[in-house]
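Residues per chain, in single letters:
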Amino acid sequence: MKNLTFILCMFFFSTFFKPLMAQEKASFTGAKATMKHYKALYVLNNGEEKKINSTLRNIKNALEDPRLKGKLELELIVFGDGVAVYHKNSSYEPALKLLQSKGVILAQCENTLKERKIDKSELFDFISFVPSGNGEIIIRQQQGWAVVHP
C-alpha cells in the first residue's frame, strides 16, 4: 500500500507540477527597460589582457542589448593596472575608438599617472582624465549610475 501511494504521488507530481515549472521557466525574458535613460560606470583596475577584453566586451554587449538601445549612457573609468588599456603601445585603440564613437566616455585616473610616473603623452590622446578613479566611482554612484566591475 505504501509503494502504491508513493507511485501515485510521483505520478501526480510529474504530471501536474513539471509542466507548471517548465512554463514558469520559459516565460521569463529578463528585466524590462521601462525607464527612458540608464547610466552605467564600468570600472577597470586590472591590466591583464583577459580582464581588459572582458570589460570591453561587456560594454559592447550592453550597447547592443535591444532593451537599452538609445537609452544608455556609459563611462569606462580606468585606474591602477587598468591603465594598460590606454597606453599608446597597446592594441586596444580600435576597440576604444569604436566605443567612444558610440558615446562611451573613456576616463583615466590622474592619481594612477602620478603614482606610476606616467606622462599623459604616453596614453591615447582621445581619452579624458579625472582626479581620482575612486572619486569618480563615488560621485557617479551617488548620481544614480550603476557601477559595473566585470
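The preceding data block contains the structure.
Residues numbered from 1 in each chain as written. Predicted model: local features only at pLDDT ≥ 70, side-chain atom pairs only at ≥ 80, totals over all residues. Heavy atoms only, no water.

Engineer: Please provide a residue-by-residue account of the overall build of the chain, values included.
Structural biologist: For the chain, the helix and strand inventory stands at five helices and five strands. Taken from the N to the C terminus, the helices and strands of the chain come in the order α-β-α-β-α-β-α-β-α-β. Classification of the 150 residues of the chain by burial places 34% in the buried group. Once local pairs closer than 6 in sequence are excluded, the contacts in the chain between residues at least 24 apart make up 70%. Element-wise, carbon and sulfur atoms account for 58% of the exposed surface of the chain, whose accessible area totals about 9900 Å². (Helix = DSSP H or I, 4+ residues; strand = E, 2+ residues; numbered from the N terminus. Buried < 20%, exposed > 50% of the residue type's maximum accessible area, 1.4 Å probe, protein only. Contact = heavy atoms within 4.5 Å. Areas by Shrake-Rupley, 256 points an atom, 1.4 Å probe, with all protein chains shown as cover.)

Engineer: Describe the environment of Gln141, and please don't skip the residues or the numbers.
Structural biologist: Here Gln141 is to be found in helix α5 (residues 133-142). Sequence-wise, Gln141 and Ala40 are 101 residues apart; in three dimensions their C-alpha atoms are separated by 8.9 Å.

Engineer: How would you sum up the sheet that holds strand β5 (residues 146-148)? Please name residues and give values.
Structural biologist: Overall, parallel pairing links the five strands, which are arranged β4-β3-β2-β1-β5 in an open sheet. Single-partner strands in this sheet number two, and they are β4 (128-130) and β5. Strand after strand, the sheet turns through a mean of 30° between neighbouring axes, direction not considered. Its contacts with the sheet put helix α2 (residues 49-64) on β1 (38-44) and β2 (72-78), and the angle it makes with β2 is roughly 170°. (Pairing = 2+ DSSP bridges. Axes fitted to C-alpha atoms, helices over the stretch in contact; angles between N-to-C directions.)

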